[in-house]
Amino acid sequence: MTLVSRFGTLLGLGVIVAVFSVLSPHGFAQGSNLINITQQMSLLAIVALGAAFVMSLSEFDLSIGAVVSMAGIVSVTLFGSGWGILATVIITLGAGFAVGCISGFFVAIWRVPSFIMTLAMGTIVGGMTFWVSGGATLFSNIPVGFRDIGRGYVGGIPVLTLWAVAGTLFVAFILDWTELGRRILAIGGNREAARLAGVGVVPATVWAFGLCTLMAALAGLLLTARLGSAHPTGGNGFLLQAYAAAYLGMTAFRDGQPNAAGTLLGAAIIAVVANGLTILGVPNYLQDIFTGLIIIASVMVRNFGRAAD
Amino acid sequence: MTLVSRFGTLLGLGVIVAVFSVLSPHGFAQGSNLINITQQMSLLAIVALGAAFVMSLSEFDLSIGAVVSMAGIVSVTLFGSGWGILATVIITLGAGFAVGCISGFFVAIWRVPSFIMTLAMGTIVGGMTFWVSGGATLFSNIPVGFRDIGRGYVGGIPVLTLWAVAGTLFVAFILDWTELGRRILAIGGNREAARLAGVGVVPATVWAFGLCTLMAALAGLLLTARLGSAHPTGGNGFLLQAYAAAYLGMTAFRDGQPNAAGTLLGAAIIAVVANGLTILGVPNYLQDIFTGLIIIASVMVRNFGRAAD
Amino acid sequence: EDIAVLTPYLSSVATNEMIETFKTESAAKGWTVNVVDTRGDFQQLASRVEDVANAGVKAIVLVSVDPNQIGDQVAAAADKGIPVIVLDGALAKGVAINITTDNFALGSLLSDYLFKAMGDKGNIVKFFHSAHPGVRQRELALDKALGEHPGIKVIAEHYVQVPGPIDNARQAMETFVRQYGDEINGVWAAWDEPAIGALLAIQSDKPDSKALIAGIDGNPQAIDLIKQCSNLVATVRQDFPGIARTAVKEIAAVIEGKKPEKSEIFVSANVIDRASLGVSCN
Amino acid sequence: MLEVEGVTKRFGGVVALDGVSLRAAAGRVHALLGENGAGKSTLLKCLSGVHRPDGGGMALSGQGFAPANPTESEQAGLRFVHQELNLVPGFTAYENAFVGRPYPRRGGVIDWATMRSRFKAVRDRHGLDLDIDVPVARLSVAKCQIVEILRALMDEARVLVLDEPTASLSEREAATLHGIIRQLASHGCVVILVSHRLDEVFAIADDYTVLRNGCTVGSGQVCDIDRSGVVALMAGGAFDLERVAAPAAAGAPLLHPPLLHPPLLHPPLLQLSGFSPSPVRDGLDLSVHAGEIVGLYGVVGSGRSSLLKSIWGANPLARGGLTLDRKQLPPAGISRRIREGVAYVPEDRRGRGLVMQHSILDNVLLPRLPLYRAMRRLPVVSWQLARRGVRKLLGDRSVKYGRLGDRISTLSGGNQQKIMIGRWVGPSCRLFLLDEPTRGVDVRSKAEIHALCRRLAGEGTAVLFVTSDIEELVMLAQRILVMAHGRITLDAANRDLSRQDIVHAAFETTKELT
Ligand SMILES: Nc1ncnc2c1ncn2[C@@H]1O[C@H](COP(=O)(O)OP(=O)(O)OP(=O)(O)O)[C@@H](O)[C@H]1O
Ligand SMILES: Nc1ncnc2c1ncn2[C@@H]1O[C@H](COP(=O)(O)OP(=O)(O)OP(=O)(O)O)[C@@H](O)[C@H]1O
Ligand SMILES: [Mg+2]
Ligand SMILES: [Mg+2]
């Protein structure tokens, strides 16, 4: 029974995949489709993995959607001014990192509630993005070399999938293997206890927020590479979905703590449901209803296992 | 100095109003405009007041935007099928209440994290709203008597303003003067302590969520009355703004506890900023940037007062 | 003169293009234009219309909205003597002029072009978004055209999520491409962004596909892609600059105190395809 | 009459209760004794309806009693003061007293005035000192404990259950509480008292029951047993307290101070001059030498905890001079002090000490992460090293635990306390700041902790500890400081002082001021 409670959410994903495979053996259950799902979930996974950092702090960052959009616009604008790929990527990631650091700084030093701080930050970033882009979709001057970081296959595996795997390993490494990660989790568990145990709350908080938006900026770059264009609000849709994935991940594996593998799993559930329902041709309103029900059910599976303990 | 820390956010609002009045003495500072702001903030205030219930529980309800939209579509659909005003209002409010009760039930009994539970509920409600409306904006068959609950003036005061005041008094009454309210706050403050002390966690949680979405449904009805139309996603914009208002309210007055008066104040800040910047004709991207900065500043005012204690 | 421009969809490419042209043209007239975007929020839109009416602007321009959705506020502004001009919207009480392209006509134009290019038979994928009243009209036009062309079948359809329509459409199309492969002969996109998403999916997952993609809006990126001889073969270009220019002209007249001749002005639309762009692909 | 017969309770694989029996008679005070982790709190939680026993039965006045939740046991007339604080931080003391109870109402709404006056009346009747109008988040641990006690006394109880109510109270409050307990018992109330202060048990209890490893191993009347008898029952076999407590320094006297006074010729390790936890208060001077054990005593609210916390650098408002080994340190800044070899154990282990939902392993590692690096210069944790180190550390402190990955909240209170102290012990430690270090710790472990302090002192570490237990003070401290109202009113070597001197110093200023 501990197995069900421990791997309940994974089991949930298994059930979902099984049901779709039965309903659509030739559409859904094909290898190429399954591989494609890994690609479709990857950007969401990367944003959600970033969110896992601030959730480990028991905080929120609501600016991540705006940062995804910003990264796209900033990078294309830089390309337009003649910057090279590497420089552009570094500047964009740096800008993304800076946004989180600012939020983290206010949250840590002045105890501004993160919810409102990052909501405000997101609004500010959104305004700046609009300013830079003039509200238009930008698509010219994107070098082919840059586009290749977000499309195509390496050894039969989509590049984006590799990015998501790398992101998962990165977040797992930080959270589980570094002192920074353990400190972030301790602050999230009991801020005062962590502080009194000598954890530097301010730097850890700033890092967590910075890493969160850094991941969002990475997702923004990959999105731009994938689409070959950048839209000033193109990443905003990631916000709630990323938290949904991260929360699904929290209920998986680690007994209520945010964790990398669980977050990837959460993103997978969301992507599989979207893909499966589209393949089955379910009308869009029923898709919404089913998506909601399936998410609730995936969380519940774990709980049933636990209740039976 | 305690005054600054106690009424810092109110002071913040005062400063904002003063600045706009100086910048636009004939546009902003006119009595009619100020009265109109009270009307513009009222729907946001009502949704945010509902959110204050779940925030008192230290939980979230992310379905409130969807419930606002749903209430509009449901009511117009009912009018279309020939239902009377009273019956329609009661059924719609009941439906809104039921949505929250379901979320609250899952959160309380199975400890599904409220963030993901209500996100899923919001998706489901959104899907159903779409189903009922076919995705279209509904205009027809709205009785004039119904429209009057959301427009016009009583004794020179906009009807919507009166609704917001009534809502504030209602929430203040429940939270501060009834056992239910105190139980909700006790659970939010220390769930385990409340449980050990014999507080019925399940009923209080269900009530809090139910009242939250009830307020959202009320706002949806008033929105429909105000606009004379119902749009299947017309209320979704309230979600984040409502929490921004409620968080601003939390930092005001009650030392970090959600409260009715503070929430009204929070909604007022958001409405004043939007109104003032529009009247000043600030370009839209600068509006975003200023809005973000002003919100951060309003929270900070209180903190400066506090640090000096 | 102060002119207020309000829209809930500033980040949509078409709306943005209209407003940009409007701003440039107004600047030439020496007007001050204040643009307000409410990000899809109609309650906000209602409030902002009240605000600008209170601020006493010379004219209110609503872009890409059905003014019936905020009927009272529009009527109140009109009662204050402020002319309300609607671009790409509809008529309502209090609206002085509505300058638009008929969305139903756009839908018909697109459907007819696509069906003809497909030789009046085959399977199409449909990308739509019924929440937007204008876009919904196009969908209704498609339904009508389908009734007249029994050879065309919709084998899959997808409700595009906004924001992020390109990626959303791309993901759906990737799925459809795997599922139906060569059975897909055409893609009908209610506007250009999903069309671009569909093209990206085909380019990466089934480059040899013969499916023809067409959309609406004349989005610059779409035009670029048509030039590149991709599967995206056509877009129906509404004359957004034309709409904006007409609006400026009409407003100038209204401000001078003239009464508009017609309350509804239709600006025509045309199909942009390889031929009209002068590219040949082999 | 409350009877418990053969109650068992398991948590997963852990058997917390294994057939416990207990009979507590009305009108008598019944002491429930046992080492840390013996199952006392678990038994009380079964009585309160928090846990449901897996087997066995309970009866109240001869009638079967099986509360399914806290409300049922409350309705049956049981009142509880649990071991850990259970208060709503944002509520005032008087409102906390009504949480879970029917609030007084007038005209259908809450009658705040009556609520406050009813609570105030109870407070005044029992002669306890407490500010009832501020949120309890601003009260010290001891005051919160008093709130908990008053809450249980709000109305007539048939059974009053107190789980270590005096652990963080000082003499005066404890004495007041003892008076209350005797008085309630004389009115026919069943009182069950869990305590690790044996002198307290012998002073006020009539009967006792001893638990060991979840089993009842002895019960009877207190007058029939002596201290060592109880200790032997708890520990399971003859047990020599004095041997455990033997200090490292050979030849030093046992149990009783003073250890040989360390050389005061050297400059002090810690020196405060004009140091104050808050800019509005007068600064105070204080010095602690290497190898010295200094006890800080005072009544509840005298400012000891604030002082200790400020020395630790955790109080951003602290002002004044603080030198450590002749180096001037800023008044605030924790990490600097850690680098200088200072360690600190706060008194509120649940609220400020431990991350309750994290594992034992994580909690032990938290302040010492850099010790377990995979590579010296990289801040990467080697879990293998960490597990090994932590296992050894917990073994040395005789902590009773299941697996390292278990949540620390599943440990008994005393074992949590041992972890809080043990995790700081390390080679580089020069100054130990301990706030109520033996709060909720059983007799044997208390002796072990004392021995640890002596050993550390013998190795040259300075120990500055706060205690409310005068026994502990005179037993452990070489030098005694007494605080009252934020000032140090006494500073002298232990051997030169009598208890009267200490108590006098703790209260004298209070009298002057009030
Ligand atoms: N929720 C739980 N889950 C798992 N084990 C538990 C739980 N609660 C208690 N235990 C275990 O049950 C045993 C008894 O714990 P209990 O808290 O009753 O001890 P205690 O006698 O009160 O000790 P102390 O004097 O230290 O407070 C311990 O071994 C503890 O680890
Ligand atoms: N120097 C001081 N003078 C007066 N009051 C103080 C002083 N320091 C702290 N206080 C206040 O006294 C209360 C108790 O302080 P503190 O916890 O430091 O005392 P304590 O002696 O440790 O008491 P306890 O045993 O209750 O923990 C707190 O509310 C604190 O704000
Ligand atoms: Mg215990
Ligand atoms: Mg203390």
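Notes on the structure in this doc start here. These figures come from a predicted structure and were not determined experimentally. (Residues numbered from 1 in each chain as written. Chains lettered and ligands numbered in written order. Predicted model: local features only at pLDDT ≥ 70, side-chain atom pairs only at ≥ 80, totals over all residues. Heavy atoms only, no water.)

1. Observations concerning the site of ligand 2
Residue and element names in this part refer to chain D.
Consideration 1: Lining the immediate environment of ligand 2, one finds 15 residues, of which Ser140, Gly301, Arg304, Ser305 and Ser306 sit closest.
Consideration 2: Ser140 is positioned with one of its side-chain polar atoms (N or O) 2.5 Å from an oxygen atom of ligand 2.
Consideration 3: In this structure, an oxygen atom belonging to ligand 2 sits 3.1 Å away from a main-chain N or O atom of Ser302.
Consideration 4: Coverage of ligand 2 by the protein amounts to 79% of the 610 Å² it exposes when considered alone. (Near = heavy atom within 4 Å. Polar contact = N/O pair within 3.5 Å; in protein donor to acceptor, adjacent residues only side chain to side chain. Areas by Shrake-Rupley, 256 points an atom, 1.4 Å probe, with all protein chains shown as cover.)

2. Brief notes about the coordination of the magnesium ion (ligand 3)
Residues and elements named next belong to chain D.
Consideration 1: Listed as protein donors to the magnesium ion (ligand 3) are Ser41 (OG) and Gln83 (OE1); their distances from the metal cover 1.9 to 2.1 Å. Highlighted residues: Ser41 in helix H1 (residues 40-48) and Gln83 in the loop between strand S6 (78-81) and helix H3 (93-98), separated in sequence by 42 residues.
Consideration 2: Since its relative accessible area comes to 12%, Gln83 is described here as buried. (Donors = N, O, S within 2.8 Å, 3.2 Å for Na, K, Ca; no water. Helix = DSSP H or I, 4+ residues; strand = E, 2+ residues; numbered from the N terminus. Buried < 20%, exposed > 50% of the residue type's maximum accessible area, 1.4 Å probe, protein only.)

3. A word on the coordination of the magnesium ion (ligand 4)
Residue and element names in this part refer to chain D.
Consideration 1: Within the protein, Ser305 (OG), Glu347 (OE) and Glu347 (OE) serve as the donor atoms for the magnesium ion (ligand 4), at 1.9 to 2.8 Å. On the criterion of sequence distance, the pair formed by Ser305 in helix H10 (residues 304-311) and Glu347 in the loop between strand S18 (342-345) and helix H12 (349-353) is long-range, its members being 42 residues apart.
Consideration 2: Taking the relative accessible area as the measure of exposure, Glu347 reaches 11% and is therefore buried.

4. A few points about the interface of chain B and chain A
Consideration 1: At the junction of the two partners, chain B supplies 39 residues and chain A supplies 39 residues.
Consideration 2: Three residues stand out in chain B for area buried against chain A, namely B:Phe115, B:Ile116 and B:Ile296, and they jointly supply 16% of the buried area on that side.
Consideration 3: Linking chain B to chain A there are 0 salt bridges.
Consideration 4: Here chain B and chain A share 0 residue pairs in polar contact (both at pLDDT 80 or more) between them.
Consideration 5: Secondary-structure elements contributing two or more residues to the side of chain B that touches chain A are helix H5 (85-110), helix H6 (114-133), helix H12 (238-251) and helix H14 (284-307) of chain B. (Contact = heavy atoms within 4.5 Å. Buried area = accessible area lost by both parts, 1.4 Å probe. Salt bridge = Lys/Arg side-chain N within 4 Å of Asp/Glu carboxyl O.)

5. Some remarks on a nonpolar patch on the surface
Residues and elements named next belong to chain A.
Consideration 1: A surface patch of nonpolar side chains, amounting to about 420 Å² of accessible area, comprises Leu11, Val15, Val19, Leu23 and Leu280.
Consideration 2: At 4 residues, helix H1 (residues 2-23) tops the list of elements feeding residues into the nonpolar patch.
Consideration 3: With respect to the helices, strands and loops of the structure, Leu23 is situated in helix H1.
Consideration 4: We classify Leu23 as exposed; its relative accessible area is 55%. (Patch = residues over 30% accessible without salt bridge, like charges linked within 9 Å, V, L, I, M, F, W, Y side chains within 5 Å.)

6. Let's talk about the relation of the copies chain B and chain A
Consideration 1: It takes a turn of 180 degrees to lay chain B on chain A, together with a shift of 0.1 Å along the axis; the resulting RMSD is 0.2 Å. In symmetry terms, the pair is related by a two-fold rotation axis. Across chain B, the rotation axis passes nearest the C-alpha of B:Leu240, at a separation of 5.4 Å. (Least-squares fit on C-alpha atoms with pLDDT ≥ 70 in both.)

7. Points about the interface of chain B and chain D
Consideration 1: Counting from both sides, the interface comprises 19 residues of chain B and, opposite them, 23 residues of chain D.
Consideration 2: The contact between chain B and chain D buries some 1800 Å² in all, and 59% of this surface belongs to carbon and sulfur atoms.
Consideration 3: Considering only the surface of chain B that becomes buried against chain D, B:Glu179, B:Arg182 and B:Leu196 emerge as the three largest contributors, covering 34% of it.
Consideration 4: Our count for the contact surface shared by chain B and chain D stands at 2 salt bridges.
Consideration 5: With its nearest N and O atoms 2.5 Å apart, the salt bridge here joins B:Arg182 to D:Glu95.
Consideration 6: Where chain B meets chain D, there are 8 residue pairs in polar contact (both at pLDDT 80 or more).
Consideration 7: Listed by contribution, the elements that provide at least two residues to the side of chain B that touches chain D are helix H8 (159-177), helix H9 (179-189) and helix H10 (191-196) of chain B.
Consideration 8: Looking at side-chain class alone, the side of chain B that touches chain D contains 9 nonpolar, 5 polar and 5 charged residues. (Nonpolar A, V, L, I, M, F, W, Y, C, P; charged D, E, K, R; others polar.)

8. Concerning the sheet that holds strand S1 (residues 2-11) of chain D
All names here are of chain D.
Consideration 1: Ordered by their spatial adjacency, 4 strands build an open sheet running S2-S1-S4-S5, and the pairing between neighbours is antiparallel. The open sheet has two edge strands, strand S2 (14-24) and strand S5 (63-64), and neither has a second partner.
Consideration 2: Bridging between strand S4 (residues 55-60) and S5 involves 2 bridges; their strand directions are antiparallel. What sits directly across from Leu60, in S5, is Gln63.
Consideration 3: Across the sheet, H1 is in contact with S1, S2 and S4; its angle to S2 comes to roughly 70 degrees. (Pairing = 2+ DSSP bridges. Axes fitted to C-alpha atoms, helices over the stretch in contact; angles between N-to-C directions.)

9. Some words on the state of the cysteines
Residue and element names in this part refer to chain C.
Consideration 1: The final tally for this structure, using the stated rule, is 1 disulfide over all chains.
Consideration 2: Between Cys229 and Cys281 runs a disulfide, and the two sulfur atoms are separated by 1.8 Å. What sets the handedness of the Cys229 and Cys281 disulfide is the S-S torsion sign, and at about -75 degrees it is left-handed. Of this pair, Cys229 sits in the loop between helix H8 (220-227) and strand S10 (232-238) while Cys281 sits in the segment after helix H10 (274-277); the two residues are 52 residues apart in sequence, bridging distant segments of the chain.
Consideration 3: Of the residues examined, Cys281 reaches a relative accessible area of 22% and is grouped as partly exposed. (Disulfide = S-S within 2.5 Å.)

10. Observations concerning the packing of aromatic side chains
Residues and elements named next belong to chain B.
Consideration 1: One pass over the full model with this rule turns up 29 aromatic pairs over all chains.
Consideration 2: Residues Phe20 and Phe28 carry aromatic rings whose centres are separated by 5.3 Å and whose planes lie at 40 degrees to one another, so their mutual orientation is tilted. Like Phe20, the residue Phe28 is buried in the burial classification.
Consideration 3: With a centroid separation of 6.1 Å and 80 degrees between ring planes, the pair formed by Phe105 and Trp110 is classed as edge-to-face.
Consideration 4: Classification of Phe105 by relative accessible area gives partly exposed; the value is 37%. (Phe/Tyr/Trp six-rings, centres within 6.5 Å; stacked < 30°, edge-to-face > 60°.)

11. Considering the packing of helix H4 (residues 64-80) of chain A against helix H11 (residues 201-227) of chain A
All names here are of chain A.
Consideration 1: The interhelical angle for the contact between H4 and H11, taken along N-to-C directions, is 50 degrees, at an axis separation of 7 Å. Here H4 is positioned oblique relative to H11, judged by the angle of their axes. Crossing hand, H4 versus H11: right-handed. Contacts between H4 and H11 involve Ile64, Val67, Val68, Ala71, Gly72, Ser75 and Val76 from the former and Cys212, Thr213, Ala216, Ala217, Ala219, Gly220, Leu221, Leu223 and Thr224 from the latter.
Consideration 2: Residue composition of the contact of H4 with H11, grouped by class: 11 nonpolar, 5 polar and no charged. (Parallel < 35°, antiparallel > 145°, perpendicular 65-115°, else oblique. Left-handed = near helix turned anticlockwise from the far one by under 90°.)

12. A closer look at the pairing of strand S2 (residues 32-37) of chain C
Residues and elements named next belong to chain C.
Consideration 1: As paired elements, strand S1 (residues 2-7) and S2 share 6 bridges and run parallel to each other. Across the sheet, the residue bridging to Ile3 is Val33, located in S2.
Consideration 2: In terms of handedness, the path from S1 via helix H1 (residues 13-29) over to S2 forms a crossover that is right-handed. (Right-handed = clockwise from strand over helix to strand, strands pointing away.)

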